[in-house]
Structures are given as C-alpha cells and as structure tokens.
Amino acid sequence: MHAMFRGPVNAIEPFDSFCRSAYQVTRWPNEAAAGKLLPERVQEPEAFRNPGSEPAPVSTLTPERQDLLNALARFAYFDRWSEEQRRACCNLAHIRQFRTGQQVFVEGQATVNYAHFVLSGECGLLQCLRLLRRNDRRTGTVRYRLAKGRPIDDEITRFHRRRAAQGDGRSNAAAPPAPDSDDLRFPAVPSGTTDEFHFIDIASYSCGSVFGIGEQMLDRVVFARSRVHCLLIPRYWLLEKPQNRGNIWNRIRIFLEQRQPSRERLFRRFVTGLVWHRYRSQLVDDFVAMHEPRHVPRLIDVPLVCRIEECDVAVYGTARKHQRRVTS
C-alpha cells in the first residue's frame, strides 16, 4: 500500500506501515510556478474584449487557509479529493496546538467530535481501569473485579435521544433530568467493596497518526507527551460518502481497535501480574523460612578490627603524621 503520510515517524505508532521515512513538506506553488505547471490558456482576440473592462483580480489565499492546504498535502488520504472538497474542508477544519501534558481528545466531551491528524509531536493514549476491591472472608486475599465503564455521550447518542423524545411527544419540561456527570463517572459502589483507579499507558501516536475517527475510547484519554500540532476535521463530515472512498476511515478504525488492547484484556493482564507478584513473595518467604540460619551472628562475633569506628582511624592517622614530623 502506498504511503499515507509524508513525514518522519520516530516512535512506534499504528501507522508505521503506512508512513514514509523521508520528511518533505509539500508546498503549494505560487502563482508564477502555477502558471508554468498549468497549460496555456487560449487568449481571446482583442476585438472580442470589452475595452472598458478591467482584468479580474487574482484570488489570494489567507495564511490560515494556506496552512490548512499544506497540512492536507502531507497526508495521502486526501490526494484524490477534489478542489471543492478541499475548500469545504478548509472551512470546517482548523489546526490546534497542545502543550506538554495537555488533554488532547476525550470521546463525547465536546459538542462535535473531531478526527485528529498529528502534524508534529507525540501523543499518548491513557486507559483508566475502575476496579472494585474486596477481601475474601475465607482466604483473606484481596480480589478485584472490573467495574462497568462510563457510557459515552457523543453527538450521535444525543441526536438519537432527542429524536426519540420528539417521537414520544415529550417536552423538555416533562423529560426526566439528565444525570450528573459525577453519577455517570462514579456509579454507586456495592457494600463491602472499595473502588480503585489504575491508569495504563497503552499506545503512542507520533507524526502522521490519526485518532478520534470512531474507535473504542471507553474511559480513555489522549494526552500530549510533547508539544503537538494536530489537524482537526469534523468526524461527521469526514465519514460522509464523498470523503469516505473505499470505506477507508472504517478500515482504519478497525485497524486501530485490533492493535489496541481492550479493557477486559488489560484487566486480565493486571490480574495475571498480581497473581505472579503474590507467588513470588510467597516463594521468597517460604525459602527464607526453610533456610533460616541457625546461628545468628552477634556483636561479639565481629572482629575488633572491623568494629573500629571511622573517626578512630582518622585520629590515629593524624597522630602518626604528627609523630613523623617531630622525629624528622
């Protein structure tokens, strides 16, 4: 498959098979260079021109739109787009900068979800596991259970909820109040259990990566490892049929979900590591109990030379030097 991004890839990321190693930012030619590349236009005879008319002004691009066009040119996904699609994308998209440690993307948090294309820098994907901890009464060991994830309230879910409310004839006043974000985030904990939160860094997005196109993002957040520049395109517009040739965005979404571990898989890894840690500690304790030394050394068993303090050695060395000076 041909390269999907024209830029460097230094970190392990989901699009290493799609990216090139050479770095070259494609610049749109200026008007003089464009005149050399375009075929010559047929000149109208002077007799058919309006003598009082003036030549039409040449349309110039603003710096913001030029930056967007340069960003689109760095990704091979948009090579087959028409000029009309590029203009529509420039009207909807924008380039945003994120500082180190800043939150980049959370599914369902914004009013409109954007697909993020990394232009520079590196991002990380952080998974939050909410575990319910309880003590076993018979064995006394600590056991964990994976709690349910917070449901994602994105724009599609809100649209279907409003549509269902209109179909049922319910008004906003008669509709039940929406639950608090705290209730969605932290459900009630059963009695006898305590909740714990474990954060796992599971992936990295380097220059040329894309995320936020509809992949599984339950209790996940994308953060900036360094200063990051991203091209943001609305997801609803990107998934429309003209921009989704060959179902490419759904294919990329499936590819990301196959490469990134699920919550259940991460929980199984956590439990396996916890069991191994318990077994290792128990093995060390059993070995120490079986091979306990019969004769524990006491202070009197340590030779006198080993018990001389460091200060006594220093004083003795100073006295020897003074004696040598006196005798000389």
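Quick note: structure is the one above.
Rules used throughout
Residues numbered from 1 in each chain as written. Predicted model: local features only at pLDDT ≥ 70, side-chain atom pairs only at ≥ 80, totals over all residues. Heavy atoms only, no water. Helix = DSSP H or I, 4+ residues; strand = E, 2+ residues; numbered from the N terminus. Contact = heavy atoms within 4.5 Å. Areas by Shrake-Rupley, 256 points an atom, 1.4 Å probe, with all protein chains shown as cover. Polar contact = N/O pair within 3.5 Å; in protein donor to acceptor, adjacent residues only side chain to side chain. Axes fitted to C-alpha atoms, helices over the stretch in contact; angles between N-to-C directions. Parallel < 35°, antiparallel > 145°, perpendicular 65-115°, else oblique. Left-handed = near helix turned anticlockwise from the far one by under 90°. Nonpolar A, V, L, I, M, F, W, Y, C, P; charged D, E, K, R; others polar. Disulfide = S-S within 2.5 Å. Buried < 20%, exposed > 50% of the residue type's maximum accessible area, 1.4 Å probe, protein only. Salt bridge = Lys/Arg side-chain N within 4 Å of Asp/Glu carboxyl O. Expected span 1.5 Å × (residues − 1).

Draft legend 1. Examining the overall build of the protein more closely. In terms of helices and strands, the protein carries 9 helices and 9 strands. If you take every contact in the protein between residues at least 6 apart in sequence, the share linking residues at least 24 apart comes to 79%. Only carbon and sulfur atoms are counted for the fraction: they give 54% of the accessible area of the protein, which is about 23300 Å².

Draft legend 2. Broad picture of the side chain of Arg263. Relative to the elements of secondary structure, Arg263 occurs in helix α8 (residues 263-290). Polar contacts involving the side chain of Arg263 include one to the main-chain carbonyl oxygen of Ala147, which spans 2.8 Å. Each residue touching Arg263, except ones within four places of it in the same chain, is listed here: Gln127, Leu129, Leu146, Ala147, Lys148, Gly149, Leu218, Asp219 and Arg220.

Draft legend 3. Region of interest: the packing of helix α2 (residues 63-73) against helix α3 (residues 83-92). Between α2 and α3, the least distance of the axes is 10 Å, while the angle of their chain directions is 120°. Considered as vectors, α2 and α3 are oriented oblique to each other. For the pair α2 and α3, the crossing hand works out as right-handed. Of the residues in α3, those in contact with Arg65, Leu68, Leu69 and Leu72 of α2 are Arg86, Arg87, Cys89, Cys90 and Asn91. Here the residues of the contact of α2 with α3 are counted per class, giving 5 nonpolar, 1 polar and 3 charged.

Draft legend 4. Quick look at the state of the cysteines. Scanning the entire structure with this criterion turns up 0 disulfides. Of all cysteine sulfurs, the one in Cys89 lies closest to Cys90, which takes part in no disulfide; the gap is 5.8 Å. Owing to a relative accessible area of 9%, Cys90 belongs among the buried residues under this scheme.

Draft legend 5. Geometry of the pattern of salt bridges. Counted according to the given criterion, the structure contains 7 salt bridges. The salt bridge involving Arg235 is made with Glu107; its shortest N-O contact spans 2.9 Å. Of this pair, Arg235 sits in helix α6 (residues 235-238) while Glu107 sits in the loop between β2 (103-105) and β3 (114-120), and the two are 128 residues apart along the sequence. The two residues Arg235 and Glu107 agree in class, both being buried. Put simply, Arg133 and Glu196 hold a salt bridge, and the shortest N to O gap is 2.9 Å. Of this pair, Arg133 sits in strand β4 (residues 123-135) while Glu196 sits in strand β6 (residues 194-205), and the two are 63 residues apart along the sequence. Judged by relative accessible area, which is 31%, Arg133 ranks as partly exposed. Judged by its relative accessible area of 18%, Glu196 falls in the buried class.

Draft legend 6. Spotlight on α8. Compared with the 40 Å implied by 1.5 Å per residue over 28 residues, the 41 Å span of α8 between its first and last C-alpha is a close match. Turning to α8, its buried residues number three or more, namely Arg263, Leu266 and Phe267. Buried residues along α8 sit against β4, β5 (142-146), β6 and β8 (220-224).

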